[in-house]
Amino acid sequence: MNTEWIEIARKIKNLYPSKGFLPLHEPTFVGNELKYISECLETGWVSSVGKYVDKFESMLAEYIGVKRVVAVVNGTAALHIALKVAGVQPNDEVIIPSLTFVATGNAVSYCGAVPHFVDISQKTLGIDPTKLDQYLREISTQKNKQCINKFSGKIIRAVVPMHTFGHPVDMDHLLEVCSKYNIIVVEDAAESLGSYYKGKHTGTFGKVSAMSFNGNKIITTGGGGAILTNDVHLAEYAKHLTTTAKINHAWKYEHNEVGYNYRMPNINAALGCAQIERINDYLVSKNNLVSLYKDILYKYKGIELFLEPPFAKSNYWLQTLIVDDRVYDIEKVLSILNNQGVMARPIWTPLHELVPFSGSPKSDLSETEKFKMKIINVPSSPYLGEK
Ligand SMILES: *Cc1c(COP(=O)(O)O)cnc(C)c1O
């Protein structure tokens, strides 16, 4: 197996021979980044006031096709407030995939709610609606149009589909299941800017959704996130909560509830404006990169490139290999690739295995268990796919 993976590493490095080490995902700054940031420095508007936050919010809203966007400090904060304004309350249960980044679980905990883990579909790597339906039939009952977990007695308030590596969940089916059981949908679209389900942008299906613009995401604001919703009242409430719940007044400091200082600084939003201007270039590069990886990998047995589900157009944020663990030892594969200068990472440790969530309720997680040993991400920066 060593020779095969050394060969693969060499071919991946050849995508960009002049670079020593190929990171998983590097940002690209070739547009107006410097210009907009310099303007912030020159005018002094670097922090919580300035025109770029509004501008970034409206550019995103237009690109995504959603009524309102509220820019915040990071994706985790976006998810926290998205859940809160969607109606998640302390002691509720919130259904999330176990195979996700820890932030999805943390945000549920910040609301005082309990994450409840479900399994993924091998077609999307996100929540499997069929399995969810069967599971809810077994464990839940309806009371006053609310979904109650028969075993814990708690309200199952929301389901959070996460679009893994940019590949959309089967949203029609998921929405149907959630509506049948009276459960709210809040999307974790942190990884899926530029990804569409049946022609509609991810993050526009849930009551509220969250996005991230961390340094490794498809566009970055340094650190940042956004809350998306078509509900104008919820958007206004999200804005209020993320800006310390201050009552609008020229000089008085009056706050009508415990708010959060989650506002995105102007200087970060300036970076975001320059980045979103280039999003289509990034998406084209990432799609080219899929073909390049196909060419590299087609002849190896037991290694498959994960491709977008038929109903979706994925942003291919992180290129994903499904490695047959009967043929290859994934730990060895990771060590070979990294030693050869090709950064490679396994998928996240499933959340139900993490200490803070060890007591959380969970469904059968057989697909999660199967896939956690098979998935690796390989270098995916936009420049690798530039023609
Ligand atoms: C990146 C990410 C987040 C959180 O975003 P931050 O900006 O890093 O706080 C949440 N969920 C998923 C699935 C992510 O990949």
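Calculation criteria
Residues numbered from 1 in each chain as written. Predicted model: local features only at pLDDT ≥ 70, side-chain atom pairs only at ≥ 80, totals over all residues. Heavy atoms only, no water. Domains from an automatic or database assignment. Contact = heavy atoms within 4.5 Å. Buried area = accessible area lost by both parts, 1.4 Å probe. Salt bridge = Lys/Arg side-chain N within 4 Å of Asp/Glu carboxyl O. Near = heavy atom within 4 Å. Polar contact = N/O pair within 3.5 Å; in protein donor to acceptor, adjacent residues only side chain to side chain. Helix = DSSP H or I, 4+ residues; strand = E, 2+ residues; numbered from the N terminus. Nonpolar A, V, L, I, M, F, W, Y, C, P; charged D, E, K, R; others polar. Pairing = 2+ DSSP bridges. Axes fitted to C-alpha atoms, helices over the stretch in contact; angles between N-to-C directions. Expected span 1.5 Å × (residues − 1). Buried < 20%, exposed > 50% of the residue type's maximum accessible area, 1.4 Å probe, protein only. Arc of directions from axis to C-beta. Parallel < 35°, antiparallel > 145°, perpendicular 65-115°, else oblique. Left-handed = near helix turned anticlockwise from the far one by under 90°.

(A) The domain arrangement of the protein, seen in detail. Domain parsing of the protein yields domain 1 (2-27 + 279-385) and domain 2 (33-276). Taken together, the contact between domain 1 and domain 2 spans 39 residues of the former and 49 residues of the latter. For the pair domain 1 and domain 2, the summed buried area comes to about 3800 Å², and 66% of that belongs to carbon and sulfur atoms. Sorting the residues of domain 1 by area buried against domain 2 places Phe 311, Trp 317 and Trp 348 first, and these three jointly supply 20% of that buried surface. Linking domain 1 with domain 2 are 1 salt bridge.

(B) Up close: the site of the ligand. Taken together, 15 residues lie around the ligand, and Gly 75, Thr 76, Glu 191, Ser 212 and Lys 217 are the ones closest in. At a separation of 2.7 Å, an oxygen atom of the ligand approaches a polar backbone atom of Gly 75. Glu 191 is positioned such that a nitrogen or oxygen atom in its side chain is 2.5 Å from an oxygen atom of the ligand. At the level of elements, helix H4 (75-86) and helix H5 (102-110) are the ones that each hand at least two residues to the shell around the ligand. The residue inventory of the shell around the ligand, partitioned by class, reads 4 nonpolar, 8 polar and 3 charged.

(C) Structural context of the sheet that holds strand E3 (residues 114-118). Pairing is mixed across the open sheet formed by 7 strands, whose spatial order is E1-E11-E10-E7-E6-E2-E3. Each edge of the open sheet carries a strand with a single partner, namely strand E1 (68-72) and E3. For this sheet, the mean inter-axis angle between neighbouring strands, taken without regard to orientation, is 25°. One ladder, built from 5 bridges, connects E1 with strand E11 (residues 225-229); its direction is antiparallel. In the sheet register, Val 72 faces E11, and the bridge partner there is Gly 225. Helix H6 (residues 129-139) contacts strand E2 (93-97), E3 and strand E6 (156-159) of the sheet and is inclined by roughly 125° relative to E3.

(D) A look at helix H1 (residues 2-13). With 12 residues, H1 ought to run about 16 Å at 1.5 Å a step, and its terminal C-alpha atoms sit 16 Å apart, in line with that. Looking at H1, one finds that the buried residues are Trp 5, Ile 8, Ala 9 and Ile 12. Looking down the long axis of H1, one finds its buried residues gathered within 100° of arc, a one-sided arrangement. What points out from H1, more than 90 degrees from its buried face, is the exposed set Thr 3 and Arg 10. Buried residues along H1 sit against helix H10 (279-297), strand E12 (303-305), strand E14 (319-323) and helix H11 (330-339).

(E) Examining the sheet that holds strand E13 (residues 312-313) more closely. Within the open sheet, the 3 strands sit side by side as E9-E8-E13. Their pairing is antiparallel. The outermost strands of the open sheet, each flanked by one partner alone, are strand E9 (200-201) and E13. Bridge count between strand E8 (residues 196-197) and E13: 2 bridges; the pairing is antiparallel. Within E13, the position partnered with Tyr 196 by the bridge is Lys 313.

(F) Looking closely at the packing of H4 against helix H8 (residues 232-242). In the contact formed by H4 and H8, the axes pass within 10 Å of each other and the chain directions differ by 130°. With respect to each other, H4 and H8 are oriented oblique. In terms of crossing hand, the pair formed by H4 and H8 is right-handed. In this structure, H4 uses Ile 81, Lys 84 and Val 85 to contact H8, whose residues at the interface are Leu 234, Tyr 237, Ala 238, Leu 241 and Thr 242. Considered class by class, the residues forming the contact of H4 with H8 number 6 nonpolar, 1 polar and 1 charged.

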